[in-house]
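Inside the fold
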Amino acid sequence: MTFQELHLIEPILKALGEEGYSTPTPIQAQAIPIVLKGTDLLGCAQTGTGKTAAFLLPIVNKIITEPHDENKINALIIVPTRELAIQIGDNMEGLGYFTNVSCIAVYGGGDGNSFTAEKTALTSGCDIVVCTPGRMIAHLNMGYVNLKEVKYLVLDEADRMLDMGFQDELMKIISFLAPTRQNLLFSATMPHKMRELARKLLTDPVEINI
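Residues numbered from 1 in each chain as written. Predicted model: local features only at pLDDT ≥ 70, side-chain atom pairs only at ≥ 80, totals over all residues. Heavy atoms only, no water.

With that settled, the discussion passes to the packing of helix H5 (residues 112-124) against helix H6 (residues 133-142). Packed helices, taken two at a time, are described by their axes: the angle between them and the distance between them. Put simply, H5 and H6 touch, their axes get as near as 11 Å, and they point 65° apart. For the element pair H5 / H6, the angle class is roughly perpendicular. Judged by the twist between their axes, the crossing of H5 over H6 is right-handed. Residues Ser114, Phe115, Glu118, Lys119 and Leu122 of H5 pack against Arg135, Met136, Ala138 and His139 of H6. Residue composition of the contact of H5 with H6, by class: four nonpolar, two polar and three charged. (Axes fitted to C-alpha atoms, helices over the stretch in contact; angles between N-to-C directions. Helix = DSSP H or I, 4+ residues; strand = E, 2+ residues; numbered from the N terminus. Parallel < 35°, antiparallel > 145°, perpendicular 65-115°, else oblique. Left-handed = near helix turned anticlockwise from the far one by under 90°. Contact = heavy atoms within 4.5 Å. Nonpolar A, V, L, I, M, F, W, Y, C, P; charged D, E, K, R; others polar.)

This part takes up the pattern of salt bridges. Pairing between side chains of opposite charge can happen when their charged atoms approach one another. Counted according to the given criterion, the structure contains eight salt bridges. With a shortest N-O distance of 3.5 Å, Arg160 and Glu157 are connected by a salt bridge. A relative accessible area of 12% means that Glu157 is categorised as buried. (Salt bridge = Lys/Arg side-chain N within 4 Å of Asp/Glu carboxyl O. Buried < 20%, exposed > 50% of the residue type's maximum accessible area, 1.4 Å probe, protein only.)

Here you go:
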């Protein structure tokens, strides 16, 4: 299988070529068509299987090809650590080079300037926001973040977030979203508490196990 066979548009295919991508990994080959279709997804895959591109590529594809408000937040990706937020932001920078899709990583540990830059992006609009739970809660508590236009919600390494005690923060952030959206949940393991979270968030999901 090739990325062309997954029906990704030309700017994304060009970015993939520039980034050295040639053949989809199993998680990408299975997940991308599901996400493009608009179905909720529960994916069980280890780190290093290519799952970041498995959700970034179709989300970018949908943002480009479907009507959306450029002054709102269209996709929200929640991750457990700032290292992962930075990594996904860097991946998006490469994959989005040939598109007009904007992205910002929102995470703690920076200085006042980084918080101000995050506030500016969150208030003026950004296509894709990658965030850690605590940092997003800090912005939400200030009252200027509008998540009602989010069409795509991704929880990446969700089992790790639960292990780190972020369930309450996750549910608080999700309470700010509109109920109509596409939900993608990725986890390396699938314990009972993960199943419970999936039941709360996902609607008729397709499940993938890699």
